[in-house]
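Take a look at the letters that make up each chain.
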Amino acid sequence: MLLRTGSYSLKAPSPIRQVAPLATSRLTAAIAVTVLTGWIAQIDLLKNFAPGMIAMNPFTAGGLLAASIALFLRQPVDAPKERSIIGQLLAGTIIAMGGLNLLLCSHNLVGPRWLILPPLADGSLVEVNGARISLSFVLIGASILSLNWKSSRGFRPGEAASAVTAVIAILSLVAYAHYLTGSYTTSTYTPASLLTSISFFFLATGILLARADRGTLAIIVSETAAGMLARRLIPLAILLPILIGALRQTAERAGLYDPTFGPAHSATTFMVLFFAAIWWTTRMLFRIDTNRMLAEGARQKQEEQVRQLNIEKIAAERASQAKDDFLAVLSHELRTPLTPALAAASYLAEHENLSPELHEQVVAIRTSVQLEARLIDDLLDLTRITRGKIELHLEVVDVHGLLRNSLEIARDNILQKQLDLILDFGADRHHVWADAVRLQQVFWNLINNAVKFTKKNGRITVRTVNKDGRFVFQITDTGVGIEPEQLDRIFRAFEQGERSISRRFGGLGLGLTISKRLLELQGGTITVHSEGLNRGASFKLSLASVESPKPARVSRLIGDEAPARSLQLLVVEDHPQTLRVLAALLRKQGHTVLTAECVQTAIKLLEAERFDGLISDIGLPDGNGCEVMRVARQRQSLVGIALSGFGMEEDVRRSMDAGFDHHLTKPIDFQALKKFVGTMAERANHPAS
């Protein structure tokens, strides 16, 4: 809870505010009950607690008991309404009782005769509810009644009334301590007893601390240097004179020194003790300030470290973003020139009129371009995996189907090296929960490695089995093998074993690293075994198998056959060679092709013509291919194919959000593009109803 005193906002320790009022009210009640018991049972010792001392009047004891109960009921800030009303009624009764006594004592300080009680058996006098006691009751009742009230300027009458009551009680206690007999006992005047003065002091203190979160007392109970100083010195300033006076009178009556020496002795003792208290408090404050300065220094140092870490973090994030941007641009710049080469090579490789020698050279060109594209993909994949930015789209996948596709991709290389391929698909449960594209990438890496590192006329064996509820794939070759000391390094990035092998077979040594990381992300494992150099290698892959899905009806897929009719196509590409080659190849397929090299030209063509399909690059000099697709969707119904040299998952997502139906990453294989164009022809022949 925050406390506000003047312009300060302080935090008061709750135990003082909660414990002090309860403790003082209970102590006062205990004294009053004890005295009342003494009067009822006629036990004199319970009336004054010491022979010869003034006894507490039973009417005073009753008033103090009522005041202690009223304070107990009113003390909680959130006290129930009924409880608070009872406390207010008791406080009002106390005010009325004290006021009536004051009125009766207005001309005679001794008070009403019916309140005067005879001395006790030992001669001890009994106090009379005179002006001092009556005034104290009025002040105590008023302070309890106005406990939660303050004026518009912040004045708290309850606090002031309690303070005056405490001063009256302290004066009486000082008189007792210094044995000022004339001040508290004469033949006609009997002031408050020692028990009464102590009780009023307790009540005043409890009332002041009951709302210490407000007003002046908030400073005293606050966790500040000022509060700590006040809590140590104020009690000493009150108690030391009383204790020293009592000790002085005891020593004088015991004859330890002459009474004329008493005042000097008392003053000296007070100075020494108060100085000691100040020194003790000062040392404590000094330690607190020292610790605070050390803590402040440590905090500033920590803040500086945090600030430096934030600066480094921001710099690292900027460097990371710059790296991402650089890799994206590098990927685009490396892929784009490969697109016309791969598209042309893919088209020519299936041309029937090519001579065998020329066909072999075209296939070599296509293979080299595909390998170059694979190296670029490996670099980007490794970066994504390392930084946790790779996205997986998990589904139930038929692994045997992926294996057949991967083997079909490698078919030409297997035939070229005249390898003996042995297939044993023995797994009955061959469905797994995985990302089909990424899992096929793993299979392609393993099969491609086996083909690449196996000599001509060698043998490759592919087996699948089920073991312990898992699907196990194993590929074994008779290739160059792996030395035993290299087995632990084979899955590390950029590791291919001996340099001679790297120079001989090429590659960056990233395929196995990427495969292992991709498998681990999908809950799979991969291991390798080899007897040594020139003794082949065996890779084993394991994934948890799942139940095969129920067969579903699927529509007829478009194959490689020629489209049913000629299509009107718009090709948008800012790379002149790629645009020229793609347009020429599509025209040879019988399609009408219009071209554009920027967004504005493409939009003008879309406004003037109707198209069956849009084939657009994503990165264009005056905008983005996604803008072209959005405009196309607004004006006509067509199939969109996005081309991108960046190859990031974010690029694919953005293209799909813009309305593209397919996404091809450069360099583009013309056969894949031809299949997607076939989809356009299928839609044109069978429009949606």
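Here is what the cut-offs are and how they apply
- Position labels on residues start from 1 in each chain and follow its written sequence.
- Since the coordinates come from a predicted model, pLDDT governs what is reported: local features require at least 70, and pairs of side-chain atoms require 80 or more to be given and counted, while whole-chain, interface and lining totals use all residues.
- To get the side-chain values, take all heavy atoms of the structure and skip hydrogens and water.
- The residues that make up patches have over 30% relative accessible area and no salt bridge, and they are joined within 9 Å when like-charged or within 5 Å when they are Val, Leu, Ile, Met, Phe, Trp or Tyr.
- The method behind every accessible area is Shrake-Rupley, applied with a 1.4 Å probe, and residues are considered shielded solely by the protein chains displayed.
- Whenever a carboxyl oxygen of Asp or Glu lies within 4 Å of a side-chain nitrogen of Lys or Arg, that contact is scored as a salt bridge.
- Secondary structure elements follow DSSP: runs of H or I no shorter than four residues count as helices, runs of E no shorter than two count as strands, and numbering proceeds from the N terminus.
- Here, strands pair whenever DSSP counts at least two bridges between them.
- Every axis in this analysis is a line fitted to C-alpha atoms, fitted for helices over the stretch in contact. Angles between the N-to-C directions lie between 0 and 180 degrees.
- Note on exposure labels: buried denotes an accessible area under 20% of the residue type's maximum, exposed denotes more than 50%, and partly exposed covers the range between, all computed with a 1.4 Å probe on protein chains only.
- The pLDDT value expresses, per residue, how confident the predictor is, ranging between 0 and 100.
- Residue contacts follow a heavy-atom distance rule, with two residues in contact if any of their heavy atoms lie within 4.5 Å.
- A helix is expected to span 1.5 Å multiplied by its residue count minus one.
- Bend at a residue means the angle formed by two fitted axes: the first through the 7 residues ending at that position, the second through the 7 residues beginning there.

A.B. asks: Where do I start with a nonpolar patch on the surface in this structure?
C.D. replies: A cluster of nonpolar residues, Leu100, Leu103 and Leu104, forms a patch on the protein surface that exposes about 300 Å² of accessible area. As for its position among the elements, Leu104 is in helix H4 (residues 81–104).

A.B. asks: Would you mind going over the sheet that holds strand S16 (residues 662–665) with me for this structure?
C.D. replies: Sheet strands pair via backbone hydrogen bonds, and the direction of the pair is either parallel or antiparallel. With parallel pairing, five strands are arranged side by side in an open sheet as S11-S10-S12-S15-S16. One side of each edge strand has no neighbouring strand; the edge strands of this open sheet are strand S11 (592–596) and S16. Here the strands of the sheet are splayed against their neighbours by 20 degrees on average, with no regard to which way each runs. Note that strand S15 (residues 639–644) and S16 share four bridges and pair parallel.

A.B. asks: When you look at the environment of Thr269 in this model, what are you seeing that I'm missing?
C.D. replies: Within the secondary structure, Thr269 sits in helix H11 (residues 262–335). Judged by its relative accessible area of 23%, Thr269 is partly exposed. Once the C-alpha coordinates of Thr269 and Pro241 are considered, the two residues, 28 residues apart in sequence, prove to be 9.5 Å apart.

A.B. asks: Help me understand unusual backbone geometry in this model?
C.D. replies: When glycine is set aside, most residues are seen to have a negative phi, and most peptide bonds are trans. Of note in the backbone geometry, Gln418 takes a positive phi value of approximately 55 degrees without being a glycine. Here Gln418 falls in the partly exposed class, since its relative accessible area comes to 47%.

A.B. asks: I'm lost on the pattern of salt bridges in this one. Help?
C.D. replies: Oppositely charged side chains can form a pair if their charged atoms are brought close together. In this structure the tally under the stated criterion is 13 salt bridges. Across the salt bridge formed by Asp424 and Arg463, the nearest N and O atoms sit 3.8 Å from each other. Pair noted here: Asp424 is in strand S4 (residues 420–425) and Arg463 is in strand S6 (residues 459–467), with a separation of 39 residues, a long-range link. Using a relative accessible area of 38% as the deciding quantity, one classes Asp424 as partly exposed. Judged by relative accessible area, Arg463 falls into the partly exposed class, the value being 40%. One connected set of salt bridges, linked through shared partners, spans Glu296, Arg299 and Glu303.

A.B. asks: Honestly, the environment of His265 in this entry has me stumped. Any pointers?
C.D. replies: Within the secondary structure layout, His265 lies in helix H11. Considering only alpha carbons, one finds His265 and Ile244, 21 residues apart in sequence, at a separation of 9.2 Å.

A.B. asks: Just checking my understanding: could you explain the confidence of the model for the chain for this structure?
C.D. replies: A low pLDDT score tells you not to read the predicted coordinates there in detail. Predicted confidence across the chain gives a mean pLDDT of 80, with 82% of residues reaching 70 or more. Within the model, the stretch residues 1–14 combines pLDDT values under 50 with 33 contacts to residues more than four positions away or in other chains. With pLDDT under 50 throughout, residues 552–563 is counted as low confidence; its partners more than four residues away or in other chains account for 10 contacts.

A.B. asks: Explanation requested: helix H10 (residues 225–253) in the structure shown.
C.D. replies: With 29 residues, H10 ought to run about 42 Å at 1.5 Å a step, and its terminal C-alpha atoms sit 42 Å apart, in line with that. The largest bend along H10 measures about 30 degrees and falls at Leu239, with the proline Pro241 one to four residues further on. Taken as a whole, H10 has its buried residues at Gly227, Met228, Ala230, Leu233, Leu240, Ile242, Ile244, Gly245, Arg248, Gln249, Ala251 and Glu252. Downstream of H10 by a residue or two, Gly255 has a phi angle that is positive, lying close to 75 degrees.

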